[in-house]
Each structure stands twice: as C-alpha cells, then as structure tokens.
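Working through the structure, step by step
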Amino acid sequence: MTAQLVEIPGYVAGTWTIDPVHSSVGFAIRHLMVSKVRGRFAEFEGTIVTGEDVLDSSVTATIDLASVDTGNAQRDEHVKAADFLEVERYPSMTYRSTGLRREGDGFVLDGELTLRGVTRQVPLRLEVGGFGPDPFLQDDPFRGARAGFTATGEINRLDFGVGDDGTIPGGGLALGEKVQLVLEIEASLQI
C-alpha cells in the first residue's frame, strides 16, 4: 500500500479561526412527513488546524444552542426547551475531529459530536472550497489568508435524546429522526 500525496491548490498549513460572519451552521429535518424545516445556529466558534500533510488536519468547534433560528420565534423556544435541546442544562454542542481521510475525490472528516451530554461518532463529508489571500491584508503577502470548506452530514436526533418519536394520525412521525447538517465555513489564518 502506497501513500498518496494530496494536493490542494493554494493550500496553506497553519491554524485558522472560523469567521462566523462569513460562515453558517445549518440543519434540516422532516416535518409531518411532507416537508422539511430548516434552521441555523447564529453563534458558533471554532479552530481548524491544517497540517503539513492535509490528512493530519483537525477541527474543534462549539455551537451556542440558544442561538437556534428556524424563522419562527415560537418554534425556536420549543426547540430550546427540555424535550428538545434543553439549552438551560446543555447550552452548547461541540465537535472534535478524530481524523481526516480521503474518499473518492473528496474527504471525510471523522469526529465526535457532543449534544445533550451524549457523544457519538459523526462523519462529515468535506469539500475544500479553496485557499487564497485575505484581501483586507494585501499589504503584506506573508500575512493573512482565507480558506473555505463545506461539510455535510446526518445525525439521528434520537441518538442524542432530542425529542421523542411521536406519531401523527394515519401513521408516520411528526418529526423525522434524521437531521441533515450543512456547514459553510470560511476561516482566517491566525497571524
């Protein structure tokens, strides 16, 4: 078995800070078996370390669960309540990568998601958007860079004790068990 060198145009090894102004952490879940409700978390932070070998890279992130926004204030309050996220007791959700591997022409970020005191392995499909100079720091070519990533995955909310498996008349779940995750991340190189 031979190692494959992974090349990404413009790749920069270093420590990056997730830019919450230019990033989003979103989710979608099936509602009443007929549509999907989408939401996002407005407050989050994280660090990405890109290794000299891209496969040695890592991520840590924390999401403020009280910042959930589904576009409906009443629903947001219900999602924050004890039968769902229980934000008074568990104010944040965390993700810590445990490895990065090549899969096809993309990557999979393996990691541990902790939600409501429960930790589970959650792999995320990772697309590298690119690396480039930070246009706000162009006066010094050795200062500042930006990187972009898209990560997608899926969790089963029941694995984390979120909500129940209530049914609707005629059969089917009131709320789907699967939650799709979509993260659009832009990060700035720490200088």
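Shown above is the structure to which this text applies.
Read on for a plain summary of the structure. (Residues numbered from 1 in each chain as written. Predicted model: local features only at pLDDT ≥ 70, side-chain atom pairs only at ≥ 80, totals over all residues. Heavy atoms only, no water.)

Here we look at the pairing of strand β8 (residues 106-115)
For β8, the tally of buried residues reaches 8 of 10 residues, placing the bulk of the element in the interior. Two strands pair when backbone bridges link them, and strand β7 (residues 92-103) and β8 are joined in this way by 9 bridges, in the antiparallel orientation. Among the inter-strand pairings, arginine 96 is bridged to a residue of β8, identified as glutamate 112. The sheet contact formed by β8 and strand β10 (residues 124-133) spans 3 bridges and is antiparallel. Its bridge partner being in β10, valine 108 is matched across the sheet by arginine 125. Sheet topology note: the β8/strand β9 (residues 118-121) ladder contains 4 bridges and is antiparallel. Note that in β9 the partner of threonine 114 across the bridge is threonine 119. Taking the residues between adjacent antiparallel strands as the criterion, β8 and β9 are bridged by 2 residues, where arginine 116 takes a positive phi near 55 degrees. (Buried < 20%, exposed > 50% of the residue type's maximum accessible area, 1.4 Å probe, protein only. Helix = DSSP H or I, 4+ residues; strand = E, 2+ residues; numbered from the N terminus. Pairing = 2+ DSSP bridges.)

Here we look at unusual backbone geometry
In this structure, glutamate 86 is a non-glycine residue whose phi angle is positive, near 50 degrees. Within the element layout of this structure, glutamate 86 appears in the loop between α1 (73-80) and β7. Residue glutamate 86 is classed as buried on the basis of its relative accessible area of 18%. The phi dihedral of arginine 116 is positive, around 55 degrees, even though this residue is not glycine. With respect to the helices, strands and loops of the structure, arginine 116 is situated in the loop between β8 and β9.

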